[in-house]
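Now for the letters of each chain:
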Amino acid sequence: QKTTVETMAANLNQTTINFEELTNHWSSGDNVYGSGTQLNNTSPLQIFELAFSDKPIAKQFLHQLLKNKGASSSADTTYTASSWTNKPSTKEHDIIKQRKLCIKATESGITFFSRKTITSNINQTAFITPSKDCVTIYSVAQPRTGTESKKADHFVIDRWTIKRSDKDPNQVLLSFNANILWTSSSLTPTGTIIKSKWLRFYAGRFDTWRTLIK
């Protein structure tokens, strides 16, 4: 008998542009990291242009972010990123964009000599409200170890919420949360190790992101 989470993982369509579907999958996951910050004299769209868009400044931002290991155990990281493509809009989001990222990281294992390459093919979808007061970005990945045929037993879904403050129109409130959606039982020693690895990864990368954006 599969758990609800395992069923959610089995039904996950990584390329979906359905906001509610992504939200449901994300909220059913096992939280691994969460943080936030506030930024002054800016707007949600300005932050998107600086850190996520196809512009050269955003490409440089992504390069700096991924090359800085922070607290992660990744020794070497290479990546490719496609351009954003526009998707059909909805009443709630008049701009919907999607792109693909492929990140390859060489991870150090439990022993010094145990090193493996982890490939994460990521589908990233951005939702922008008509008022331009809120940008939500979902990233969905299923890591693969070594060969392409060996999928990990989990998905990672993270969400950026970049929202203009109700109290100050020149202030932006930003929250970031990453959840794991297990395809099998997470109640294993390996599951604990996986969570700790992703915690270190996201903690290091978000600290770098926060430093770069300011």
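Okay, so let's go over this structure. Given the structure is predicted, the values throughout are model-derived calculations rather than measurements. (Residues numbered from 1 in each chain as written. Predicted model: local features only at pLDDT ≥ 70, side-chain atom pairs only at ≥ 80, totals over all residues. Heavy atoms only, no water.)

**Some points on the packing of aromatic side chains**
Stage number 1. Per the stated rule, a full pass over the model turns up 19 aromatic pairs.
Stage number 2. Consider the rings of Trp160 and Phe206, whose centres lie 6.0 Å apart with planes at 35 degrees: the pair is tilted. A residue pair is termed long-range when its members are at least 10 positions apart, and Trp160 in strand E7 (residues 154-164) and Phe206 in helix H5 (residues 189-213) qualify at 46 residues. For the pair formed by Trp160 and Phe206, the shared burial category is buried.
Stage number 3. Between Phe176 and Phe206 the ring centres are 5.8 Å apart and the planes differ by 20 degrees, which places this aromatic pair in the stacked class. Note that Phe176 is positioned in strand E8 (residues 171-182) and Phe206 in helix H5, a separation of 30 residues in sequence.
Stage number 4. Exposure remark for Phe176: the relative accessible area of 3% places this residue in the buried category.
Stage number 5. An aromatic cluster is built from Tyr33, Phe48, Phe52, Phe61, Trp84, Trp160, Phe176, Trp198, Phe201, Tyr202, Phe206 and Trp209, whose rings are joined through pairwise contacts.
Stage number 6. The ring of Trp26 carries the charged tip of Arg159 above its face, separated from the ring centre by 3.8 Å. (Phe/Tyr/Trp six-rings, centres within 6.5 Å; stacked < 30°, edge-to-face > 60°. Helix = DSSP H or I, 4+ residues; strand = E, 2+ residues; numbered from the N terminus. Buried < 20%, exposed > 50% of the residue type's maximum accessible area, 1.4 Å probe, protein only. Lys NZ or Arg CZ within 6 Å of the ring centre and 35° of its normal.)

**A short note on the pattern of salt bridges**
Stage number 1. The final tally for this structure, using the stated rule, is five salt bridges.
Stage number 2. The shortest N-O distance in the salt bridge between Lys55 and Glu49 comes to 3.1 Å.
Stage number 3. What makes Glu49 partly exposed here is its relative accessible area of 28%.
Stage number 4. The salt bridge partner of Arg164 is Asp133, with a shortest N-O separation of 2.7 Å. Taken together, the residues Arg164 in strand E7 and Asp133 in the loop between strand E5 (115-128) and strand E6 (134-145) connect sequence positions 31 residues apart. (Salt bridge = Lys/Arg side-chain N within 4 Å of Asp/Glu carboxyl O.)

**Quick look at H5**
Every α-helix winds through 3.6 residues per turn, so residues three or four apart in the chain are directed the same way.
Stage number 1. Compared with an ideal rise of 1.5 Å per residue, which puts 25 residues at 36 Å, H5 spans 36 Å between its outermost C-alpha atoms and is within 8% of the ideal.
Stage number 2. Turning to H5, its buried residues number three or more, namely Gly191, Ile194, Trp198, Phe201, Tyr202, Gly204, Arg205, Phe206, Thr208, Trp209 and Ile213. (Expected span 1.5 Å × (residues − 1).)

**A few points about the pairing of E8**
Stage number 1. A large share of E8 lies buried, amounting to nine of its twelve residues.
Stage number 2. Bridge count between strand E1 (residues 30-40) and E8: ten bridges; the pairing is antiparallel. Bridging from a neighbouring strand, Tyr33 pairs with Ala178 of E8.
Stage number 3. Where E7 lies against E8, eleven bridges are found, and the strand directions are antiparallel. (Pairing = 2+ DSSP bridges.)

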